[in-house]
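Each chain, letter by letter, is given below.
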Amino acid sequence: MASESEARGAILSSIRSALRAPAEHDDGARQAEYEGLPRGYKRAATLQGEALLALFTHRLIEYDAGVARVPRAQIADAVARLLGKRGLKRIAIADDLPAEWLPCGFQFEKASAFGAQQLDELEGALTGCAVAIAETGTIVLQNAAAQGPRSLSLVPDYHLCVVFAAQVVETVPECFARLDATAALPTTFISGPSATADIEMTRIKGVHGPRFLDVLMVE
Amino acid sequence: MSAPEHSHFSSRNFPEAAKELLADSQLRKNVRHATDVIQAKRNRVVAELPDWEALRDAGSGIRAHALAHLDHYLAEFEQNCTRAGGQVHWARDAAEANRIILGLIQRHEAKEVIKIKTMTSEEIGLNGNLEAHGIRAHETDLAELIVQLGHDKPSHFVVPALHKNRQQVRAIFQREMHLPELGDKPEDLCAAARTYLREKYLRIKVAVSGANFLVAENGAVCIVESEGNGRMCLTLPDVLISLVGIEKVIPRFRDLEVLLQTLPRSATGERMNPYNSIWTGVHAGDGPKEFHVVLLDNGRSPILAEAEARQTLKCIRCAACLNVCPVYHQTGGHAYESVYAGPIGAILTPQLHSMEEGRSLPYASSLCGACYEVCPVKINIPEVLIHLRGKVVEQDQKTLGGKLGFWNIGMQAAAFVFESANRLSMAQHLGQMGQKVVVSKNGFIERLPLMLSGWTQTRDLKALPAQSFRDWWAQRESSGSRPTNTAKEGRRGE
Ligand code: SF4
């Protein structure tokens, strides 16, 4: 659209004239200015091992999420137990979810075969994650191994997420350091079940996203 | 373009609108309750971070740096967003943005769109404009839904319906969703909204959103939310259109590590809000097939010119300054009669309109400085307020009406009087005689006449004493004694 490219030029030149910016950019100077920005905040972990996992667990429980801990060999058993407890049968999974996570006796459906409408008819979703933040009780999902497309962990009313101990970091900056290489992928930070405080500031679980979230922590 | 449904910038000024709203005690109660709750939560989660001040410094630095090189970072964002499969549009003003968005929706022959809460769309009057062209926009944020179905206006930009309590919300939902049996427990109201909107998420093919941040480095867009309505709109439809102010760009992906700590803690008092979405362009098999970003100027670029004013654009819309503001606490958001309420609204609104609208807003503050203290990107709001008050006066003095206006003449007269001791003393004597007409028996002035009445609308004024300090001092000096006020003198000497 002609008027749009005209608008682009007009906006950029209005910005330049307001900033009194020279016609030629000095990339080196801008770069140096950026590198010199204050970064005095906490960027490295102070907790490790059990203390780190305990903090993560504590935060999840505060959000009203369920947490279970199991050794790697028992993932499928734990999945069966958690789904069984809630009486759920038809569960959506990413196409590449490891087969050894899946117990018998349930109906696991590959997400790629489903539109949103059909996802809505499933009872839950089982995914892995990319990284998790202890300090904020956050799990981060990307469209990568065992995690599938974003709609998978959104449309069904229940989400079960498998988190390996090695995926848990303490701080938000550590999380971003880990995500940097895959920053272009669709990414979702999930902190507890969907919630709102829009009516009289009362936190109510589950408006549009899953109302129930369980985290299976694997050591 | 036809006029938006209702203009958010009425010709009334802040004091007039505030007076009416102050009379609504239910509204004041709701506003106070909500802001008290958020503030207490915010203080708790901020206090637990020992590096909070360092995060504020970093956030302020990142935002200021981005603004100082805004042309560069916008162009970089455009390039990377396009490379990732997105399409970037530029809109100089509200009319252009409306035209672009309408065109995109019409190209897909959509009659309905779903929307995520966005202040920028309020700013351009998008819903009204779409409606005028036969397109229905459904708000999906619970609070925005309450506002929309209640034919109301948002009053807070994180919790737009905080002025409504649950009974009021129930009445709106009963009427608009045809649910006469609906209960008034928040859970019931949420469940009603969930059912009402789920059908729309699954059916409607075009979504409109705003964005919290644009990342220049990789063209990523970031949206922060609670309910999952945002995620629904971002992932389920075929087409997504994000309308974003040009100031929202940040240099790098890792800068989010700062802002995604300070924003949720400041906005809702949570360590992290339930959902943050970050994505670039389009992704086969995941999310919309078409993604548009409309970059909106609409009065922003000229604000960059002056250093005091420029910091306004660092704002990340957390609304912490509203929750802490004693003026907002009393009046709520509607009194500002602008899309952006509270302290940030008081500085942003008039500037977006080249000081031609919202001119009373820079005065809607007591300059107590609480807003500056909580601001996660360290915007010195009182400094900007004073800067803008200066501009209002400067502008007024340029017009004949302003020159002859009461305040201008009054201020000039005051300057004339205060310049000379004789004139001051004469004025004081005149005042002592003149005030006899207005002083009531208790020694207070409860109502000043005419133009001065504004001062006494909400407070009583102590009458001038029979003897001025200057007279008393002169008398004391000449008599060499201590004629009056000895008690005070004695205390001072202790
Ligand atoms: S001015 Fe500061 S405190 Fe107010 S909304 Fe903007 S970022 Fe938040």
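Quick caveat, the model's predicted, so the values are computed rather than measured.

Participant: Would you mind going over the site of the ligand with me for this structure?
Facilitator: The ligand sits among 13 residues. The nearest are Cys315, Cys318, Ala319, Cys321 and Cys375 of chain B. Grouping the amino acids of the shell around the ligand by side-chain chemistry returns 12 nonpolar, no polar and one charged.

Participant: What is the right way to look at the domain arrangement of chain A in this model?
Facilitator: One frequently used descriptor of interface size is the decrease in accessible area upon assembly of the parts. For chain A, the assigned domains read domain 1 (4-35) and domain 2 (49-218). Between the C-alpha centres of domain 1 of chain A and domain 2 of chain A there is a distance of 42 Å.

Participant: Just checking my understanding: could you explain the environment of Asn30 of chain B for this structure?
Facilitator: Residue and element names in this part refer to chain B. Within the element layout of this structure, Asn30 appears in helix H2 (residues 25-47). The sequence separation of Asn30 and Arg317 amounts to 287 residues, and the corresponding C-alpha distance is 21 Å. In contact with Asn30, other than residues within four places in its own chain, are Leu162, His163, Lys164, Asn165 and Gln168.

Participant: Is there a simple way to think about the side chain of His138 of chain B in this case?
Facilitator: Residue and element names in this part refer to chain B. Take His138: it is sitting in strand S3 (residues 136-139). Engagement of the side chain of His138 in a polar contact is seen with the side chain of Glu112, the distance being 2.8 Å. Ignoring sequence-local partners within four residues, the contact set of His138 consists of Glu112, Val113, Ile114, Lys115, Gln148, Lys200 and Ile204.

Participant: What exactly am I supposed to notice about the packing of helix H9 (residues 166-176) of chain B against helix H10 (residues 186-203) of chain B here?
Facilitator: When two helices pack together, their arrangement is captured by the angle between the axes and the distance separating the axes. Residues and elements named next belong to chain B. At a minimum axis separation of 10 Å, H9 and H10 run at an interaxial angle of 30°. Classed by the angle they form, the pair H9 and H10 counts as roughly parallel. Regarding H9 and H10, the two cross each other, and that crossing is left-handed. Taken together, the residues of H10 that come into contact with H9 (itself represented by Arg166, Val169, Arg170 and Phe173) are Pro186, Leu189, Ala192 and Ala193. Of the residues assigned to the contact of H9 with H10, the class counts are six nonpolar, no polar and two charged.

Participant: Help me understand the pattern of salt bridges in this model?
Facilitator: Side chains that differ in sign of charge can pair as their charged atoms come close. Residue and element names in this part refer to chain B. Summed over the entire model, instances satisfying the criterion amount to 37 salt bridges over all chains. With its nearest N and O atoms 2.6 Å apart, the salt bridge here joins Arg203 to Glu112. With a gap of 91 residues between them, Arg203 in helix H10 and Glu112 in strand S2 (residues 112-115) connect regions that are remote in the sequence. For Asp152, the salt bridge is made with Lys164, and the minimal N-O distance between the two is 3.2 Å.

Participant: Where do I start with the interface of chain A and chain B in this structure?
Facilitator: Facing the 79 residues of chain A at the interface are 96 residues of chain B. On inspection of chain A and its partner chain B, the count reaches 11 salt bridges. With a closest N to O distance of 3.0 Å, Asp286 of chain B and Arg150 of chain A form a salt bridge. Inspection of the region where chain A meets chain B yields 28 residue pairs in polar contact (both at pLDDT 80 or more). When residues of the side of chain A that touches chain B are traced back to their parent elements, those giving at least two are helix H1 (2-19), helix H2 (27-35), helix H3 (49-62), helix H5 (116-119), helix H6 (172-179), strand S9 (187-190) and strand S10 (195-196) of chain A. Its residues assigned to classes, the side of chain A that touches chain B shows 35 nonpolar, 21 polar and 23 charged. As judged from the four bridges shared by S9 of chain A and strand S9 (residues 275-280) of chain B, these two strands associate in the antiparallel manner. When the bridges of S9 of chain B are listed, Phe189 of chain A appears paired with Asn276 of chain B.

Participant: So what exactly am I meant to see when it comes to the pairing of S9 of chain A here?
Facilitator: Side chains on a regular strand alternate between the two faces of the sheet. All names here are of chain A. Along S9, one buried face is formed by Thr187 and Phe189 and the opposite face, lined by Thr188 and Ile190, is buried too. As judged from the four bridges shared by strand S6 (residues 138-142) and S9, these two strands associate in the antiparallel manner. Within the sheet, the bridge partner assigned to Val140 lies in S9 and is Phe189.

Participant: Sorry, what's going on with the pairing of strand S7 (residues 239-245) of chain B here?
Facilitator: All names here are of chain B. Most of S7 sits out of view: seven of its seven residues are buried. Alternating residues of S7 divide into Val239, Ile241, Leu243 and Gly245 and Leu240, Ser242 and Val244, and every residue in both groups is buried. Sheet topology note: the strand S4 (residues 206-209)/S7 ladder contains four bridges and is parallel. Within S7, the position partnered with Val206 by the bridge is Val239.

Participant: I would appreciate a short explanation of the packing of aromatic side chains in the present structure.
Facilitator: Think of a pair of aromatic rings as described by two things: how far the centres are apart, and how the planes are tilted against each other in angle. Evaluated as defined, the whole model comprises five aromatic pairs over all chains. Consider the rings of Phe106 of chain A and Phe108 of chain A, whose centres lie 6.1 Å apart with planes at 45°: the pair is tilted. For Phe108 of chain A, a relative accessible area of 18% puts it in the buried group. Ring centres of Trp279 of chain B and Phe291 of chain B lie 5.5 Å apart, and the angle between their planes is 65°; on these two criteria the pair is classed as edge-to-face. Residue Trp279 of chain B is found in strand S9, and its partner Phe291 of chain B is found in strand S10 (residues 290-296); the two are separated by 12 residues along the sequence. Considered together, Trp279 of chain B and Phe291 of chain B belong to a single accessibility category, that of buried residues. Cluster of aromatic residues (ring-pair linked, three or more members): Phe176 and Phe189 of chain A together with Phe253 of chain B. Sitting over the face of the ring of Tyr196 of chain B, Lys200 of chain B holds its NZ or CZ atom 3.9 Å from the ring centroid. Across from the ring centre of Tyr275 of chain B, 4.7 Å away, lies the NZ or CZ of Arg231 of chain B, which sits over that ring.

Participant: So what exactly am I meant to see when it comes to the sheet that holds strand S2 (residues 90-93) of chain A here?
Facilitator: Residue and element names in this part refer to chain A. Strand order in this open sheet of six strands is S1-S12-S7-S4-S2-S3, and the pairing throughout is parallel. Of all the strands in the sheet, the pair left with one neighbour each is strand S1 (66-70) and strand S3 (107-110). Between one strand and the next, the sheet's axes are offset by a mean angle of 25°, whatever the strand orientation. Here S2 runs beside S3; their pairing, made up of four bridges, is parallel. Among the inter-strand pairings, Arg90 is bridged to a residue of S3, identified as Gln107. Sitting on the sheet, helix H4 (residues 75-86) touches S1, S2, S3, strand S4 (124-127), strand S7 (158-164) and strand S12 (212-218), and the angle it makes with S12 is about 160°.

Participant: Explanation requested: the state of the cysteines in the structure shown.
Facilitator: The bond known as a disulfide is covalent and runs between the sulfur atoms of two cysteines. Applying the stated rule across the entire model yields zero disulfides over all chains. Sulfur of Cys161 of chain A: no disulfide; nearest cysteine sulfur belongs to Cys129 of chain A and is 4.7 Å away.

Participant: Explanation requested: the sheet that holds S7 of chain B in the structure shown.
Facilitator: The pairing of strands in a sheet comes from backbone hydrogen bonds and takes either a parallel or an antiparallel form. Residue and element names in this part refer to chain B. The six strands lie next to each other as S1-S10-S7-S4-S2-S3, forming an open sheet whose pairing is parallel. Where the open sheet ends on each side, the last strands, each with one partner, are strand S1 (87-91) and S3. With direction set aside, neighbouring strand axes in the sheet form an average angle of 25°. Judged from the two bridges that link them, S2 and S4 form a sheet pairing that is parallel. Its bridge partner being in S4, Ile114 is matched across the sheet by Ala207. Sitting on the sheet, helix H4 (residues 70-83) touches S1 and S10, and the angle it makes with S1 is about 145°.

Cut-offs and rules
Residues numbered from 1 in each chain as written. Chains lettered and ligands numbered in written order. Predicted model: local features only at pLDDT ≥ 70, side-chain atom pairs only at ≥ 80, totals over all residues. Heavy atoms only, no water. Near = heavy atom within 4 Å. Nonpolar A, V, L, I, M, F, W, Y, C, P; charged D, E, K, R; others polar. Domains from an automatic or database assignment. Helix = DSSP H or I, 4+ residues; strand = E, 2+ residues; numbered from the N terminus. Contact = heavy atoms within 4.5 Å. Polar contact = N/O pair within 3.5 Å; in protein donor to acceptor, adjacent residues only side chain to side chain. Axes fitted to C-alpha atoms, helices over the stretch in contact; angles between N-to-C directions. Parallel < 35°, antiparallel > 145°, perpendicular 65-115°, else oblique. Left-handed = near helix turned anticlockwise from the far one by under 90°. Salt bridge = Lys/Arg side-chain N within 4 Å of Asp/Glu carboxyl O. Pairing = 2+ DSSP bridges. Buried < 20%, exposed > 50% of the residue type's maximum accessible area, 1.4 Å probe, protein only. Phe/Tyr/Trp six-rings, centres within 6.5 Å; stacked < 30°, edge-to-face > 60°. Lys NZ or Arg CZ within 6 Å of the ring centre and 35° of its normal. Disulfide = S-S within 2.5 Å.

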